[in-house]
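Chain and residue survey
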Amino acid sequence: MSEIKKVVLAYSGGLDTSAIVPWLKENYDCEVVAFVADVGQGDEELVGVEEKALASGASECHIVDLKEEMVSDYIYPTLKTGAIYEGTYLLGTSMARPIIAKAQVEVARKVGADALAHGCTGKGNDQVRFESCFSALAPDLKVIAPWREWDLSSRESLLEYLAERNIPCAASATKIYSRDANAWHISHEGGELEDPWNQPSDQVWTWTTAPEQAPDKPEFVAVSVEKGQIVAVNGERYSPYKCLMELNKLAAPHGVGRVDILENRLVGMKSRGCYETPGGTVMMAALQAIDELVLDKASRKWKEALSSEFAHLVYDGRWFTPLKDSVLAGAEALSEVATGEVILKMYKGQVAAVQKQSVNSLYSEDFATFGEDDVYDQSHAEGFIRLFSLSSRIAALNAKVK
């Protein structure tokens, strides 16, 4: 193990990574550099994190602000595809992993490290996501995953490990939930959620108001879309990150964006997660509304295929791959016409597009009306139907002959 001289650790300041710093130094006899990714998890999560890292034994701590880049270069492209994992999950944790991994590699190059380390467990998806990104970006760097190596197996053992070394840690022996937050969402696992029969208690949710307690009056929000990207909220143009922050602020009080799902992890097991994605849920509804206006039947069908493929690609950690570039190119092409305005109604946990318009709309009231019109000859439908169902007619005739 002595060949490892300097490791860059993805550090959060929590119990696990606080223990990983001294463990790496003891077991690899190496220098440990802490890397903290600011992906919008909240200022309270970053307060004192550098001091914690140094107190744990890290030689340096690099805090990198990734918020704007994450939304513009990872979340917005994913939104263009319409990706939703297993019909429900808006990929909040998944989308953050590639930019964190990329920034970690950049820090490693900057400080001359020869290894990367993370605190992902051997049961989860994140170990695959991080290490797949590392393979694509820095195949020459060794990857250390302490949870797959050490004999520490519980919160109690981690706390005891730190106490023996007089390393301060604010964590307690009991932790009800495992949470992960960024600008897009917050996830909740553990506690009563481990039994699918248990309804989530009120203490699970932290960002959004319970729909039952949300305002009795709906709120309407106007969203502007240009080529598949949200560019303005209520007439004010913002950066992608600021658009998301504004919609988070507007949607959370109405209980928008809560989901409770049992998902299939990449490693083979099912896990239950509760997610809160208020602004993102509004964004997805707005983009879907524009697609309804501007995409023909064949294009929408193709986008459904792209959406499903991209959702699995992101969930599985395959961001830095030719497949991602290929699928995204298809989505980008379809987004060229996705420009318009949407008014959305937020009420008691729901969001719905109630008004929508686009200069590229394929909808024509002249053709679609149930009233009298002079642009569509209904008698033409007979020939279309006969040709459309011709194969069925031939099959039935053949069966009759037999």
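Residues numbered from 1 in each chain as written. Predicted model: local features only at pLDDT ≥ 70, side-chain atom pairs only at ≥ 80, totals over all residues. Heavy atoms only, no water.

Quick look at the UniProt feature "domain: Arginosuccinate synthase-like N-terminal" (unreviewed entry) in the protein chain
UniProt's feature table lists "domain: Arginosuccinate synthase-like N-terminal" (unreviewed entry) at residues 6–168, given in the numbering used throughout. Split by type, residues 6–168 is 51% helix and 15% strand. Its first and last C-alpha atoms lie 23 Å apart. (UniProt positions renumbered as here; feature names shortened; annotations may be inferred. Helix = DSSP H or I, 4+ residues; strand = E, 2+ residues; numbered from the N terminus.)

Examining the confidence of the model for the protein chain
Summary statistics for the protein chain give a mean pLDDT of 95 and a share of 98% for residues scoring 70 or more. Predicted confidence in the protein chain is weakest over helix H12 (residues 365–368), with a mean pLDDT of 74, and strongest over strand S13 (residues 340–347), with 99. (pLDDT = per-residue confidence, 0-100.)

Some details on the domain arrangement of the protein chain
How large an interface is tends to be reported as the accessible area lost when its parts come together. The domain architecture assigned to the protein chain consists of domain 1 (6–66 + 92–165) and domain 2 (178–295 + 337–358). Computed from C-alpha atoms alone, the centre-to-centre distance between domain 1 and domain 2 is 29 Å. Note on domain 1 versus domain 2: buried area summed over both sides is about 970 Å², and carbon and sulfur give 53% of it. Run the count over domain 1 and domain 2 and you get 1 salt bridge. Between Arg 97 and Asp 180 there is a salt bridge, with its nearest N and O atoms 3.3 Å apart. In this structure, the connection of domain 1 to domain 2 is made through 7 residue pairs in polar contact (both at pLDDT 80 or more). Elements that contribute at least two residues to the side of domain 1 that touches domain 2 include exactly helix H5 (92–111) and helix H6 (126–137). Broken down by element, the side of domain 1 that touches domain 2 gets its largest block of residues, 5 residues, from H5. Across the side of domain 1 that touches domain 2, the residue classes break down as 4 nonpolar, 7 polar and 2 charged. (Domains from an automatic or database assignment. Buried area = accessible area lost by both parts, 1.4 Å probe. Salt bridge = Lys/Arg side-chain N within 4 Å of Asp/Glu carboxyl O. Polar contact = N/O pair within 3.5 Å; in protein donor to acceptor, adjacent residues only side chain to side chain. Nonpolar A, V, L, I, M, F, W, Y, C, P; charged D, E, K, R; others polar.)

Considering the sheet that holds strand S11 (residues 258–264)
The sheet built from 4 strands is open, its strands ordered S6-S7-S12-S11 with antiparallel pairing. Two strands lie at the open edges of the sheet, namely strand S6 (178–181) and S11, each paired on one side alone. On average, each strand axis in the sheet is tilted by 25 degrees relative to the strand beside it, whichever way the strands run. As paired elements, S11 and strand S12 (residues 270–276) share 7 bridges and run antiparallel to each other. If you follow Glu 263 over to S12, its bridge partner there is Ser 271. (Pairing = 2+ DSSP bridges. Axes fitted to C-alpha atoms, helices over the stretch in contact; angles between N-to-C directions.)

Description of empty space enclosed by the protein
Evaluated as defined, the whole model comprises 1 cavity of 30 Å³ or more. Of the pockets and cavities examined, the largest cavity occupies roughly 40 Å³. Forming the boundary of the largest cavity are Leu 79, Lys 80, Val 225, Gly 228, Leu 287, Ile 290, Asp 291, Lys 303, Ser 335 and Ala 338. Listing elements by their share of the lining of the largest cavity, those giving two or more residues are helix H4 (67–81) and helix H9 (278–294). Its residues assigned to classes, the lining of the largest cavity shows 5 nonpolar, 2 polar and 3 charged. (1 Å grid on protein atoms, 1.4 Å probe; cavity = no way out; pocket = protein on both sides within 12 Å on 5 of 7 lines; lining within 4 Å. Points joined across faces, edges and corners; volume = space filled by probe spheres on them.)

Points about helix H8 (residues 240–251)
Taking 1.5 Å of rise per residue, the 12 residues of H8 would be expected to cover 16 Å, and the 16 Å separating its terminal C-alpha atoms lies within 8% of that figure. Most of H8 sits inside the fold, with 9 of its 12 residues counted as buried. Buried within H8 are the following residues: Pro 240, Tyr 241, Cys 243, Leu 244, Glu 246, Leu 247, Asn 248, Leu 250 and Ala 251. Residues of H8 that are buried make contact with H4, strand S8 (219–226), strand S9 (229–233), H9 and S13. (Expected span 1.5 Å × (residues − 1). Buried < 20%, exposed > 50% of the residue type's maximum accessible area, 1.4 Å probe, protein only. Contact = heavy atoms within 4.5 Å.)

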